[in-house]
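For reference, the chains in residue letters:
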Amino acid sequence: MTQEYFQFYDDRRMGIKTADGKIIIPAQYDFVSAISDGLFNVQSGHRVAYFDKNGDTYLPFDDKYESYGDFTEGLARVRKNERWGYINKRGNEVIPTQFHYAAGFSNEMAIVRNELGLHGAIDKEGNIIIGYKFKELRNFENGYAKFRDREAWGVINKEGSVIIEQQYSFIEIIDNENFIVQLKEGDHYKEGTLKIGNGVLWNHNLDDVNDFNRRQKAFLDECEALIEETYTEGCPCEYKRFRTFIEWNRPICFIDQELLFSVFSKRLMVLGNDELECPKCGTRYRQKWDQYSAFLWVLNVVIVGLGNFISKVAEVSATVPVALGFRGYNTDGLTEMYVQTDIGTVINYLKGV
Ligand SMILES: [Zn+2]
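Residues numbered from 1 in each chain as written. Predicted model: local features only at pLDDT ≥ 70, side-chain atom pairs only at ≥ 80, totals over all residues.

Caption draft 1: The arrangement of the overall build of the protein chain in detail. Secondary structure summary: the protein chain contains four helices and 29 strands in total. With 353 residues in all, the protein chain has 28% of them scored as buried. Within the protein chain, contacts between residues separated by at least 24 positions form 33% of all contacts whose residues are at least 6 apart in sequence. (Helix = DSSP H or I, 4+ residues; strand = E, 2+ residues; numbered from the N terminus. Buried ≥ 20, exposed ≤ 12 C-beta atoms within 10 Å, placed from the backbone. Contact = placed C-beta atoms within 7 Å.)

Here it is in structure tokens:
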């Protein structure tokens with residue numbers, strides 16, 4: 001059974017202990033890496049050492065290099081005078097520092113970058129096996145590496161031959177012959193499993209995403225039509241329900257509100273300080289972002305100056321129906337909600353019809 005090691009802090013110093021609490025490296029250092037290739041990378045000021053699994057010194061503290069990477073497949077990347085090379089486990093520089101960037105080894109290969117920002121790959125002797133020609137090249141996994149030099153991803157093998165053409169918005173290497181790929185065709189996404197030599201078997205995993213995007217686009221179109229229409233005879237501010245929805249300060253289906261406001265705000269004059277004014281009636285809106293959780297930011301709009309308008313609809317309660325449109329997040333529990341109301345109903349509600 002592989003022993004698990006955990007980084008821990010004590011008085012802002014770092015060390016390593018095991019799952020059962022045994023201290024392997026006391027918390028005396030600026031940084032201690034997770035274990036990699038059997039060794040811990042230990043930093044103290046400018047100096048770096050490598051310790052073994054027992055916490056004993058494997059390579060003593062040194063500051064010969066500006067930077068020391070973790071060991072992978074027997075080598076660690078190091079930097080001197082802004083150039084990267086590799087040392088072996090005896091601390092000898094076996095691949096001279098020369099690269100503008102160098103990654104750790106995987107599948108006996110390491111990704112390196114030249115002065116033009118292009119990536120290639122080297123073997124363990126430092127020979128360039130794959131020439132510098134990729135804007136982006138990821139580490140090898142199962143004998144393959146993902147690359148891209150425009151929007152789409154492709155895959156090369158260890159000889160540098162393209163085995164999956166650069167056309168997918170996402171690729172995951174599963175094993176030595178299977179990949180998950182995603183393709184974007186217009187506004188439509190599809191996902192499938194690609195097996196080398198067999199093409200792609202498409203699945204329906206992204207149907208929900210496409211459905212959501214389609215509904216969102218439809219709602220956006222309707223919002224544009226609503227704003228357009230209301231401005232021909234007056235302005236949207238005249239509709240009390242529209243205002244209530246726009247300035248609702250505790251949104252649940254916030255995407256709807258954001259979308260509607262993003263369309264509406266294009267018609268407003270920008271006054272600065274995130275304040276906007278309706279050119280027709282003078283109502284002033286202020287927008288701000290509220291953080292509801294570590295992940296969720298919600299657009300909040302308040303009316304800071306009421307314009308000159310005649311309310312076209314009867315008063316409504318301050319509570320807006322939970323779902324005026326489609327997908328949103330419940331701000332209390334971050335549980336995804338999905339309540340679909342047809343767009344006509346939504347738009348008519350906003351207009352107070
Ligand atoms: Zn107005």
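Caption draft 2: Region of interest: the sheet that holds strand S6 (residues 47-51). Strands sit in the order S4-S5-S6-S7 across an open sheet of four strands; the sheet is antiparallel. Strands with a single pairing partner mark the edges of an open sheet, and in this sheet they are strand S4 (31-32) and strand S7 (57-62). Where S6 meets S7, three bridges bridge the pair, whose relative direction is antiparallel. Opposite Phe51, over in S7, you have Thr57 as the bridge partner. (Pairing = 2+ DSSP bridges.)

Caption draft 3: Region of the structure containing helix H1 (residues 207-233). Along its 27 residues, H1 runs 40 Å from first to last C-alpha, staying within 8% of the 39 Å computed at 1.5 Å per residue. Within H1 the residues assigned to the buried category are Phe219, Cys223, Leu226 and Thr230. (Expected span 1.5 Å × (residues − 1).)

Caption draft 4: Geometry of the nonpolar core. By size, the foremost hydrophobic cluster in this structure holds 48 residues, and its most contacted members are Phe40, Val42, Ala110 and Ala121. With residues near it in sequence (within four places) discarded, Phe40 still touches Ile16, Ile25, Val32, Ser33, Ile35, Tyr50 and Phe51. The next biggest cluster of nonpolar side chains, apart from the first, holds 22 residues, and it includes Phe219, Phe242, Ile246 and Val346. (Core = buried A, V, L, I, M, F, W, Y, C linked by C-beta atoms within 7 Å.)

Caption draft 5: Seen up close, unusual backbone geometry. Of note, Asp11 is a non-glycine position whose phi angle comes to about 50°, a positive value. With respect to the helices, strands and loops of the structure, Asp11 is situated in the loop between strand S1 (5-10) and strand S2 (13-18). Look at Asn142: it is not a glycine, yet its phi comes out positive at around 50°. In this structure, Asn142 sits in the loop between strand S16 (136-137) and strand S17 (144-148).

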